[in-house]
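Commentary on secondary and tertiary structure
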Amino acid sequence: QVQLVESGGGSVQAGGSLRLSCATSGFPVSTKCMGWFRQVPGKEREGVSAIDNGGATIYSDFVKGRFSISRDNAKNTLYLQMNSLKPEDTGMYYCAIRSYVGNCDSGSGSILEWMFNYWGLGTQVTVSS
């Protein structure tokens, strides 16, 4: 079966950094778009960043200049380096695979849930003031 396991979350102070990892198995992720989302209880899950099969990246406006997405295909692992963290970055972070295509196009330039088919269970990130 397809598995995605996020790790690297935790509690940090504003301005700090975390690196999230998403270890995958059971699917050939090297040829697919992969992404990161985050969610706060009571709110809709929102796209954070995505990376296509060629390494091209997309970032939401609220993380541009602070976060960096990358992938290590040899390890079947997706990463999200988060710098200059803000309290509003707090949430559960999920990684996801777009199983059917390598590009991360949505038609609108946004990172949207419907683009992705496989999801991890998330890792909690808490940023305090």
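Each remark here, short or long, concerns the structure printed above.
Worth saying up front: this structure is predicted, and the values here are computed from it rather than measured. (Residues numbered from 1 in each chain as written. Predicted model: local features only at pLDDT ≥ 70, side-chain atom pairs only at ≥ 80, totals over all residues. Heavy atoms only, no water.)

Moving on to the overall build of the protein. Counting its regular elements, the protein contains zero helices and eleven strands. The C-alpha radius of gyration of the protein comes to 13 Å, within 12% of the 14 Å expected for a compact globule of 129 residues. A total of 129 residues make up the protein; the buried ones form 44% of that total. The contacts of the protein with a sequence gap of at least 6 include a subset with a gap of at least 24, amounting to 60%. Per element, the accessible surface of the protein, about 6200 Å² overall, is 47% carbon and sulfur. Between the mean site of the 11 positive side-chain charges and the mean site of the 10 negative ones, the protein shows a separation of 4 Å. (Helix = DSSP H or I, 4+ residues; strand = E, 2+ residues; numbered from the N terminus. Rg over C-alpha atoms; globule rule 2.2 N^0.38 Å. Buried < 20%, exposed > 50% of the residue type's maximum accessible area, 1.4 Å probe, protein only. Contact = heavy atoms within 4.5 Å. Areas by Shrake-Rupley, 256 points an atom, 1.4 Å probe, with all protein chains shown as cover. Lys, Arg positive; Asp, Glu negative; His and termini not counted. Charge placed at Lys NZ, Arg CZ, Asp CG, Glu CD.)

For the structure on display, the rule yields five salt bridges. A salt bridge links Glu46 to Arg38; its shortest N-O distance comes to 2.8 Å. A relative accessible area of 32% places Glu46 in the partly exposed class. Residue classification places Arg38 among the buried residues on the basis of a relative accessible area of 5%. A salt bridge links Glu113 to Arg45; the nearest nitrogen and oxygen atoms lie 3.1 Å apart. Here Arg45 lies in the loop between β4 (33-39) and β5 (46-51) and Glu113 lies in the loop between β9 (91-98) and β10 (118-119), a separation of 68 residues in the sequence. (Salt bridge = Lys/Arg side-chain N within 4 Å of Asp/Glu carboxyl O.)

Here we take up the state of the cysteines. A full pass over the atoms with the stated rule returns two disulfides. Covalently, Cys33 is tied to Cys104 through a disulfide, its sulfur atoms 2.1 Å apart. Taking the sign of the torsion about the S-S bond as the criterion, the disulfide between Cys33 and Cys104, at about 110°, is right-handed. Pair noted here: Cys33 is in strand β4 and Cys104 is in the loop between β9 and β10, with a separation of 71 residues, a long-range link. Per residue, the accessibility class of Cys33 equals that of Cys104, and both read buried. Once the bonded cysteines of the protein are numbered in order along the sequence, the disulfide links fall as 1-3, 2-4. (Disulfide = S-S within 2.5 Å.)

Before going further, it helps to examine the sheet that holds strand β3 (residues 18-25). With antiparallel pairing, four strands are arranged side by side in an open sheet as β1-β3-β8-β7. Each having just a single partner strand, β1 (3-7) and β7 (67-72) make up the two edges of the open sheet. The average undirected angle you get between the axes of adjacent strands in this sheet is 15°. As paired elements, β1 and β3 share five bridges and run antiparallel to each other. Residue pairing in the sheet places Leu4 in a bridge with Thr24 of β3. (Pairing = 2+ DSSP bridges. Axes fitted to C-alpha atoms, helices over the stretch in contact; angles between N-to-C directions.)

What follows is about the packing of aromatic side chains. All chains considered together, the criterion is met by four aromatic pairs. Aromatic side chains Phe27 and Tyr118 sit 5.3 Å apart centroid to centroid with 55° between the ring planes, which places their arrangement in the tilted category. With Phe27 in the loop between β3 and β4 and Tyr118 in strand β10, this pair connects stretches of sequence that are 91 residues apart. Judged by its relative accessible area of 18%, Phe27 falls in the buried class. Note on Tyr118: relative accessible area 30%, which makes it partly exposed. Aromatic pair Phe116 and Trp119: ring centres 6.2 Å apart, planes at 70°, arrangement edge-to-face. With relative accessibility at 5%, the residue Phe116 sits in the buried group. (Phe/Tyr/Trp six-rings, centres within 6.5 Å; stacked < 30°, edge-to-face > 60°.)

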